[in-house]
Every structure is written in C-alpha cells, then in structure tokens.
Amino acid sequence: MNIIVAGGDGFCGWPTALYLSKQGHDVSIIDNLVRRKYDDELRSNSITPIASLEERVQKWKELTGNEIRTYEGDLNHYDFLKEVLKREKPEAFVHFAEQRSAPYSMIDREHAIYTQVNNVVGTLNVLYGIKEVVPDCHLIKLGTMGEYGTPNIPIEEGYLEVEHKGRKDVLPYPKQPGSFYHLSKVHDSHNIMFTCKIWGIRATDLNQGIVYGLDTDETQMDPVLANRLDYDGVFGTALNRFIIQSTIGHDLTVYGEGGQTRGFLNIRDTVRCIEIAAENPADKGEFRVFNQFTEEFTVLDLANKVQKVAKEEGYTIDVAHLENPRVELENHFYEAVNTKLRDLGLEPHLLTDEVIREILKTVVNHKDRVIKENVLPNVTWK
Ligand code: NAD
C-alpha cells in the first residue's frame, strides 16, 4: 500500500513510518520539521539524541534496503501538499502533523492562534487535497481522547445513542476539551465529519490516549534510528516525564491531587493501531472513530508505579503535589470504551514494571542531556 505519514519526523510518526515500511508498505514522509524548531524556541531538547531526518532515512535504507521518501514542507502550503499527493497517489494518508502540546497552545494569544491555524488549516488542506487528487485515499487522522474531556457518563467511541423527548438518534459524542490544542482537534473532527458527508471522503479519527515509551523493534536497530523523548513541562507527557525526573533525582511533578484519570498506550501499540486502521479502511463517506488507548490510570497511579521501579533501580525520589497549572477536575468519574481496535486485532502491550524499567534504563544513558530548568511546568491556564 502507498502510505504517506505526515508528521513522520515526530515522536509517533517516525516509529510508525519505520514500522509500516518494515511491513512492506511503500512509505513517504511529509514534515516541516517544526517540532525541532519548538525545541530551539523553548531552549529544550529530546533526552535521546536524534539524527536529522535525512540521516534517519539513509540509515533505514542501508539496514533494510527499503526507501522512505521525504518531503520537507508544510501542510499549510496547499500547492506543496497537492504536488506530493499527485506524485505519491497515496492509498492512505496518516496525519500526525500537528502542534500537539496543550501547554504550548496555552502560552499566550500567539501560541493559541498558531496552534489552531496550523492544525485546523493543515487538516482542511489535507481534506481538499484528498478530494481533488486522490478521492479514494483513506485519511487516518490522529485525534485525542482529550477531545471528550471528563464527562460524568461513560465515553463511547465517537457516537452516543440519545433518546430525547420520545425520539432517538445516534449523535456525535459531546466534546468538552480542556485546552486550545484539544479544541483544535475537535474542530478537525467536525471538519472531517462534514467532508465525509458532503464529498464522500473515507476517514478514521483515532482518539489517541497519552503515549508512553520510545522504542519499537525498528528504532532499536541503530542509534541513528532512535526516537525522540520529551521530558520538559511543555512537551513532556505524564509517565515519560516521571521516568526521566526519577533518574535525575527530581521529585515527580503531580499536578494537584493527581486523581486525573486518562487513557494511555505504549508507542508499540500506536504503530500497530495505524497499521490496523490502514488495512481495514473506512467506507466511502464513513467518518469512523476509534478510541486508541489500552489502559486507564490516574496521574498519581503512574507516579507511584515509577517511584517503586526507580527505587528498585537505586533512585529514591518523592512524589510532589504541585499547584495545578491547568484548569481541570482532579477527581472525577472516567470510563471509556476502547473495543474497536481490539476487535480488529490489537494485542495491547500493557504497562508492567518491566516496561517502566526498560524505558528508565534507556533514559539513564542520556540523563546528562536533561536541562533541569525545563522540568517544572511554567505555563498556566489562568
Ligand atoms: P510531535 O510534535 O513529536 O510530531 C508531530 C510532527 O508533525 C513533528 O515532526 C512536526 O514537525 C510535524 N508538523 C507539525 N505541524 C506541521 C505542519 N503544519 N506541516 C508539516 N509537518 C508538521 O507529536 P507526536 O507526539 O508525535 O504526536 C503526533 C500526533 O498524535 C499529533 O497529532 C498529536 O496530537 C497526536 N497525539 C499524540 C499523543 C502523545 O502522547 N504524543 C497523544 C494523543 C494524540
């Protein structure tokens, strides 16, 4: 299958491109490399040293003989995107290429606007590109579980059966996102759903949970193929951030009470979920929604798990409850359905102490690269 991975230089996109290439798909990457520029802006870095995109794909070719073509450019530049679509004629377009940090989107007006324009306009261009150049192409779009927020009823996979004043309908599940970033994803979902209806686009919206880990079998083949791993207060996500904090003797930074419950998944499952979606395309005109996570944890659960494993490895650290920089419920009901990907064959890699230990050991090798001032949160929602 010819597959474009947009955002293929990023944390989820790079291992996905390698995995799909390994499975025999003909893969190309679109990326404007802006994630590397946010590092410069925030004076931050990936704890793992990462090679340039050019070096990465060269090494992949050397090791496997497989070519991954790269197109450096911005989804917001329609002429560029259209040219790539004409050249590649993809059967699936995997869309990771967005600004994905909630705190980054909450820095100030400029960052909120940048995030929403980058994400919403980029996706709108992809939808027009598919319509005009490759109308049969299956859009596989990364959304987030954060689109739903934390309602006091179970979260369904995209749609909710509602009975109102004696009538019944199946309606899009209500969205109550918690940042300008998460709102951009909701706006995307609406635009995609609308174009499925009016133009017959086939699309799968993957409402992904928080991804942890960094390695897949492919990224482990050579240091040049290493994946990025973020730990800072802006791009570092829970679990990965806690593991890194533990290795530098930093308290684990739980925001508020830590009762915030979220869906999580291993990066190894992210790449498999994309493969499953690609191999089982949505029908023409179908807007299909999968909840892409494997387990639910509270933030405090995760901190406690990391604290335990870190102690066994000789790192004794405390769990610190910081004043919550976000506006969110810290104790709430959370129950989300995630059966559709499993029904299609996903076999989850669950979060065990061994998994935490393996990430921790990789991190220890690079802990000298941590810029300590970046670990604490410095963006507030208020
Ligand atoms: P990332 O920032 O590491 O990767 C995104 C990539 O897209 C980067 O390489 C960036 O340079 C590129 N990009 C951004 N805007 C672009 C544009 N306009 N044109 C071309 N390239 C562009 O992020 P990630 O963690 O790999 O996340 C990938 C996707 O998965 C995002 O859409 C994110 O919202 C979603 N997601 C991630 C997580 C997570 O825990 N990492 C959780 C849920 C959903």
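Residues numbered from 1 in each chain as written. Predicted model: local features only at pLDDT ≥ 70, side-chain atom pairs only at ≥ 80, totals over all residues. Heavy atoms only, no water.

**So, the sheet that holds strand 4 (residues 92-95)**
For clarity, the threshold we go by: Pairing between strands is defined by DSSP: at least two bridges between the two strands are required. Labels follow the DSSP assignment, with helices taken as runs of H or I lasting at least four residues and strands as runs of E lasting at least two, numbered in each case from the N terminus. Axis angles are defined between N-to-C directions and span 0 to 180 degrees, where every axis is a line fitted to C-alpha atoms and, for a helix, only to the segment in contact.
Taken together, the 7 strands give an open sheet; going across it, the order is 3-2-1-4-5-8-12, and neighbouring strands pair in parallel fashion. The two strands at the open ends of the sheet, each matched to only one other strand, are strand 3 (69-72) and strand 12 (287-292). Strand-to-strand, the axes of this sheet are offset by a mean angle of 20°, without reference to chain direction. Relative to strand 12, strand 8 (residues 202-208) runs parallel, the two sharing 6 bridges. Note that in strand 12 the partner of L206 across the bridge is F290.

**A closer look at the pattern of salt bridges**
Stated formally: We define a salt bridge as a contact between a side-chain nitrogen of Lys or Arg and a carboxyl oxygen of Asp or Glu at a distance within 4 Å. Three labels apply to residues, based on accessible area from a 1.4 Å probe with only protein chains included: buried if under 20% of the type maximum, exposed if over 50%, partly exposed otherwise in between.
Counted under the stated rule, the structure contains 29 salt bridges. Close ionic contact of K141 with E98 constitutes a salt bridge, the shortest N to O distance being 3.4 Å. In this pair, K141 sits in strand 5 (residues 138-144) while E98 sits in the loop between strand 4 and helix 5 (102-105), placing the two residues 43 residues apart along the sequence. Given the relative accessible area of 10%, E98 is considered buried. Close ionic contact of R357 with E312 constitutes a salt bridge, the shortest N to O distance being 3.0 Å. Within this pair, whereas R357 is found in helix 12 (residues 353-364), its partner E312 is found in helix 10 (residues 299-312), the two being separated by 45 residues in sequence. The buried category is assigned to R357, whose relative accessible area is 12%. E312 sits in the partly exposed class, given a relative accessible area of 45%. One salt-bridge network, in which partners are shared between bridges, spans K308, E312, E313, D353, E354 and R357.

**Let's talk about the nonpolar core**
Formally: What we call a nonpolar core is a set of buried Ala, Val, Leu, Ile, Met, Phe, Trp, Tyr and Cys residues that are connected through their side-chain atoms within 4.5 Å. Should any heavy atoms of two residues lie within 4.5 Å, those residues are counted as being in contact.
Counting 33 residues, the largest nonpolar core has V5, I68, V94, I140 and I274 as its most contacted members. Listed by contribution, the elements that provide at least two residues to this core are strand 1 (2-6), helix 1 (13-22), strand 2 (26-31), helix 3 (53-64), strand 4, strand 5 and helix 9 (267-279). It is helix 9 that provides the largest number of residues to this core, a total of 6 residues. Setting aside anything within four residues of it in sequence, one finds V5 in contact with G13, A17, L20, V27, S28, I29, I30, V94 and F96.

**Regarding the UniProt feature "domain: NAD-dependent epimerase/dehydratase" (unreviewed entry) in the protein chain**
Stated formally: UniProt positions are given in the numbering used here, feature names are shortened, and annotations may be inferred rather than shown by experiment.
Residues given the UniProt feature "domain: NAD-dependent epimerase/dehydratase" (unreviewed entry) here are residues 3-291. The distance from the first to the last C-alpha atom of residues 3-291 is 22 Å, and the span holds 39% helix and 21% strand.

**Regarding the packing of helix 8 (residues 240-247) against helix 12**
How we decide: For classification, angles of less than 35 degrees are called roughly parallel, those exceeding 145 degrees roughly antiparallel, those between 65 and 115 degrees roughly perpendicular, and all remaining angles oblique. Note on convention: near helix rotated counterclockwise from far helix by under a right angle means a left-handed crossing. Clockwise means right-handed.
Running from amino to carboxyl end, helix 8 crosses helix 12 at an angle of 55°, the nearest separation of the two axes being 9 Å. In terms of orientation, helix 8 lies oblique with respect to helix 12. The way helix 8 lies across helix 12 gives a crossing that is right-handed. Each of N240, I243, I244, S246 and T247 in helix 8 lies in contact with helix 12, whose residues at this interface are I356, I359, L360, V363 and V364.

**Details of the sheet that holds strand 9 (residues 210-212)**
If you walk across this open sheet you meet the 3 strands as 9-11-13, and the pairing is mixed. Looking at which strands have only one partner, the edges of the open sheet turn out to be strand 9 and strand 13 (295-298). Geometrically, the sheet is characterised by an average inter-axis angle of 45° between neighbouring strands, direction not taken into account. Pairing of strand 11 (residues 261-266) with strand 13, which is carried by 4 bridges, proceeds in the antiparallel orientation. In the strand pairing of strand 13, R262 is matched with F297.

**Some words on the packing of helix 4 (residues 78-88) against helix 6 (residues 109-133)**
The condition that has to hold: Note on residue categories: nonpolar means Ala, Val, Leu, Ile, Met, Phe, Trp, Tyr, Cys or Pro, charged means Asp, Glu, Lys or Arg, and polar means any other residue, Gly included.
It is the contact of helix 4 with helix 6, at a shortest axis distance of 10 Å, that shows an interaxial angle of 40°. Comparing the axis directions of helix 4 and helix 6 gives the class oblique. For helix 4 against helix 6, the interelement crossing comes out right-handed. Across from Y78, L81, K82, L85 and K86 in helix 4, the residues of helix 6 making contact are N125, V126, Y128, G129, I130, E132 and V133. For the contact of helix 4 with helix 6, the class distribution of residues is 7 nonpolar, 2 polar and 3 charged.

**With respect to the packing of aromatic side chains**
Let me state the cut-off plainly: Put simply, two rings from Phe, Tyr or Trp (the six-membered ring, in Trp's case) pair if the centres are within 6.5 Å, and we call them stacked under 30 degrees between planes, edge-to-face over 60, tilted for the rest.
Counting across every chain of the model gives 8 aromatic pairs. Residues Y38 and F235 carry aromatic rings whose centres are separated by 5.5 Å and whose planes lie at 15° to one another, so their mutual orientation is stacked. Of this pair, Y38 sits in helix 2 (residues 34-42) while F235 sits in the loop between strand 9 and helix 8, and the two are 197 residues apart along the sequence. Owing to a relative accessible area of 4%, Y38 belongs among the buried residues under this scheme. The class for F235 is buried, based on a relative accessible area of 1%. Following the ring pairs from residue to residue traces out a cluster consisting of Y38, Y104, Y114 and F235.

**Focus on the site of the ligand**
Here is the rule we go by: If even one non-hydrogen atom of a residue comes within 4 Å of a molecule or strand, that residue is called near it. We call two N or O atoms a polar contact when they sit within 3.5 Å, provided that within protein one can donate a hydrogen and the other can accept it, with sequence-adjacent residues counted only if both atoms are side-chain atoms. In this description, accessible areas are obtained by the Shrake-Rupley approach with a 1.4 Å probe, and a residue is regarded as covered only by the protein chains that are shown.
Close to the ligand lie 27 residues, the nearest being D31, R100, N118, Y181 and K185. Within the contact set of the ligand, an oxygen atom lies 2.9 Å away from a backbone nitrogen or oxygen of F11. In the model, an oxygen atom of the ligand is placed 2.7 Å from a nitrogen or oxygen of the K185 side chain. For the ligand, the accessible surface in isolation is 820 Å², of which the surrounding protein chains cover 98%. Here the shell around the ligand is composed, by residue class, of 11 nonpolar, 9 polar and 7 charged.

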